[in-house]
Structure formats: C-alpha cells, structure tokens
Amino acid sequence: MSFGLNFMIHDVDFVVRLMGEPDNVSADGIDVREGQSLVTARFDYKDAAAFIRGASAMPGKYPFSVGYEAVFEGAAVRYYEAGYDGQINTKLEVFCNENKKEIPLPQANCYAQVMNHVLECLMTKEYSCLDIKEAIRSLKVLLWMNEKLK
C-alpha cells in the first residue's frame, strides 16, 4: 500500500508542522483498486491526538478536497477546500456553544499560491516553512506511518 507516500504527505506535513513529530503512530488501510486506497492514521502526542484520513478511491469526477477539524475545550474549527472543473471552494468555520461563525476566505487556487510562495522565497533567499528540513521531518513520520500499514 503506497497511498500514504503518494498522497497523504500533505496531510502529514500539515500535522507535523502544527504539532511536531508524534510520540506514536498507528495506521490502518485497505487497497480498494489498483493504485486506490483508504487509509486512517492516528498520531499520538502527550496531551493530544491527530487523526488523518485519506481516500484515493473516489470516482473520477469527485473533487480533490482537503479539510481539517480541530476540537478544543470550548470550540471547534472546521476548514474545507475543494477544487474541481476550474473552481475553488474554501470555507472556514468556528463553532462555540453559543454560536457559529464563518470566516471569509479568498476563493483562490491554493496550489498556485504555494508555488508562488516557493518561487518568491527562492528569489529573495528568505526562509520558507516549505524548507527541505521540514519536508524530511514530515517524510520521516510518513514512512513510520507506512510501516504500520504493512
């Protein structure tokens, strides 16, 4: 099962950048078809846990989408992004006991924004969180996750 290496690197990178390297990793998955899998991983930290779910076994017209939910003692945050047929849909919501608030986001191509950021950092020689050291740290955790899938 190579789904994690091929696809979940972005999710792992996001979690590792926010929370650091986990104390423990567990993962389970299933190959659905040739080159298509469903994977769920859990990253354990001292006072928290992160769950990552990836699915490449979607129909051809299903949009490429990413999202996260962060749950706190008195609030939860949900982010969602989907791109399909040249359209981008992003949404950020904050939920509390008393209310729900949507935070307006620019409807922009995040992939293009990342590429522009990398090029800008290369030209100005400024540090980027997309630095190779960060990538190696995320890849290390991803390889650990993939070992759990075997």
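Residues numbered from 1 in each chain as written. Predicted model: local features only at pLDDT ≥ 70, side-chain atom pairs only at ≥ 80, totals over all residues. Heavy atoms only, no water.

Undergrad: Help me understand unusual backbone geometry, please; the structure alone is not making it clear to me.
TA: Of all residues except glycine, most have a negative phi; of all peptide bonds, most are trans. Of note, K125 is a non-glycine position whose phi angle comes to about 60°, a positive value. For K125, the location among the structural elements is in the loop between α2 (110-124) and α3 (132-149). On the accessibility criterion, K125 (74% relative accessible area) is exposed. (Helix = DSSP H or I, 4+ residues; strand = E, 2+ residues; numbered from the N terminus. Buried < 20%, exposed > 50% of the residue type's maximum accessible area, 1.4 Å probe, protein only.)

Undergrad: In this structure, what is going on with the side chain of D13? I would like to understand it.
TA: Relative to the assigned elements, D13 resides in helix α1 (residues 3-19). For D13, a relative accessible area of 15% gives the class buried. Within the structure, the side chain of D13 is placed 2.5 Å from the side chain of R17, a separation counted as a polar contact. Leaving out residues up to four positions away in the same chain, D13 has contacts with E134 and S138. (Polar contact = N/O pair within 3.5 Å; in protein donor to acceptor, adjacent residues only side chain to side chain. Contact = heavy atoms within 4.5 Å.)

Undergrad: What's the story with the pattern of salt bridges in this structure? I'm lost.
TA: If the charged atoms of two oppositely charged side chains come close together, the side chains can form a pair. Here the structure, examined in full by the defined rule, presents 7 salt bridges. A salt bridge links K100 to E93, with the nearest nitrogen and oxygen atoms 3.2 Å apart. Here R137 makes a salt bridge to E134, at a shortest N to O gap of 3.4 Å. One end of the pair is R137 and the other is E134, both in helix α3 and 3 residues apart, which spans about a single turn. Overall, the relative accessible area of 18% leaves E134 in the buried class. Connected through shared salt-bridge partners, R78, K91, E93 and K100 make up one network. (Salt bridge = Lys/Arg side-chain N within 4 Å of Asp/Glu carboxyl O.)

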